[in-house]
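Commentary on secondary and tertiary structure
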Amino acid sequence: VQLQAYGGGLVQPGGSLRLSCAASGLSFNNYVMGWFRLAPGKEREFVAGVSRSGGSTAYSESVKGRFTISKDNAKNTMYLQMNRLEPEDTAVYYCAADRHIIWGNIRRPSAFGYWGQGTQVTVSS
């Protein structure tokens, strides 16, 4: 299984970015997917998660209403649309996947068995 996250970059406060996570080596529609982020001096933080079908989603309180997670099972790709970005969103963003995860554990990094390499998002003027 390989996950590759891309789409990060430098953006001004209030701007938007769309992250993508391309997956290979797995049956994409059998996997729960998630986005986490790691900022300097902080622990890895849950950002958003999406169910196997894409029909259910979950968000952290800090991004709810600004970020949208989605997955395209036909393209084996997951997305994170990030709007109204704030300096506090600056971090390395990681995508994660797991086939056996229980939905109630989706906010736990330890529940995910597969991780991508991360993409840097910097929000600064």
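Heads up: these notes are all about the structure in this document. Predicted model only: the values in this text are computed from it and were never measured.

**Things to note about the environment of Thr 90**
Structurally, Thr 90 is set in the loop between strand E8 (77–82) and strand E9 (91–98). For the pair Thr 90 and Leu 10, spaced 80 residues apart in the sequence, the C-alpha separation amounts to 9.2 Å. Apart from the residues lying within four places of it in its own chain, the contact partners of Thr 90 are Ala 39, Gln 120, Val 121, Thr 122 and Val 123. A polar contact of 2.9 Å, which involves the side chain of Thr 90, links it to the backbone nitrogen of Val 123.

**Concerning the nonpolar core**
By size, the foremost hydrophobic cluster in this structure holds 30 residues, and its most contacted members are Met 33, Trp 35, Met 78, Leu 80, Met 82 and Tyr 93. Those elements that provide at least two residues to this core are strand E1 (2–6), strand E3 (17–24), strand E4 (32–38), strand E5 (45–50), strand E7 (67–72), E8, E9 and strand E11 (119–123). In this structure, Val 32, Ala 58, Ile 101 and Ile 106 belong to the second largest nonpolar core, which totals nine residues.

**Digging into the environment of Gly 104**
One can find Gly 104 in the loop between E9 and strand E10 (114–115). For the pair formed by Gly 104 and Glu 86, sequence separation is 18 residues and the distance between their alpha carbons is 28 Å.

**Quick look at the environment of Thr 77**
Summarising the element assignment, Thr 77 is placed in strand E8. Judged by its relative accessible area of 7%, Thr 77 falls in the buried class. Once the C-alpha coordinates of Thr 77 and Ser 20 are considered, the two residues, 57 residues apart in sequence, prove to be 6.7 Å apart. Residues within four places of Thr 77 in sequence aside, it is in contact with Ser 20, Cys 21, Ala 22, Phe 28, Lys 71 and Asp 72. At a separation of 2.9 Å, a polar atom in the side chain of Thr 77 contacts the main-chain carbonyl oxygen of Lys 75.

**A word on the packing of aromatic side chains**
Remark: the centre distance and the inter-plane angle together describe each pair of aromatic rings, the angle taken between the planes. Applying the stated criterion across every chain, the model contains five aromatic pairs. Between Phe 112 and Trp 115, the ring centres sit 6.3 Å apart and the planes meet at 65 degrees, which makes this aromatic pair edge-to-face. With relative accessibility at 26%, the residue Trp 115 sits in the partly exposed group. Through pairs of rings, three or more aromatic residues link up here, namely Phe 36, Phe 46, Phe 112 and Trp 115. Here Arg 44 stacks its cationic end above the ring of Trp 115, 4.6 Å away from the centre of that ring. Positioned over the ring face of Phe 28 is Lys 71, at 4.5 Å from the centre of the ring.

**Topic: the sheet that holds E3**
One open sheet accounts for four strands, arranged E1-E3-E8-E7; its pairing is antiparallel. Edge positions in the sheet fall to E1 and E7, since each of these pairs with one other strand and no more. Geometrically, the sheet is characterised by an average inter-axis angle of 15 degrees between neighbouring strands, direction not taken into account. Both E1 and E3 contribute to a ladder of five bridges, which runs antiparallel. Among the inter-strand pairings, Ala 5 is bridged to a residue of E3, identified as Cys 21.

What counts and how
- Residues numbered from 1 in each chain as written.
- Predicted model: local features only at pLDDT ≥ 70, side-chain atom pairs only at ≥ 80, totals over all residues.
- Heavy atoms only, no water.
- Helix = DSSP H or I, 4+ residues; strand = E, 2+ residues; numbered from the N terminus.
- Contact = heavy atoms within 4.5 Å.
- Polar contact = N/O pair within 3.5 Å; in protein donor to acceptor, adjacent residues only side chain to side chain.
- Core = buried A, V, L, I, M, F, W, Y, C linked by side-chain atoms within 4.5 Å.
- Buried < 20%, exposed > 50% of the residue type's maximum accessible area, 1.4 Å probe, protein only.
- Phe/Tyr/Trp six-rings, centres within 6.5 Å; stacked < 30°, edge-to-face > 60°.
- Lys NZ or Arg CZ within 6 Å of the ring centre and 35° of its normal.
- Pairing = 2+ DSSP bridges.
- Axes fitted to C-alpha atoms, helices over the stretch in contact; angles between N-to-C directions.

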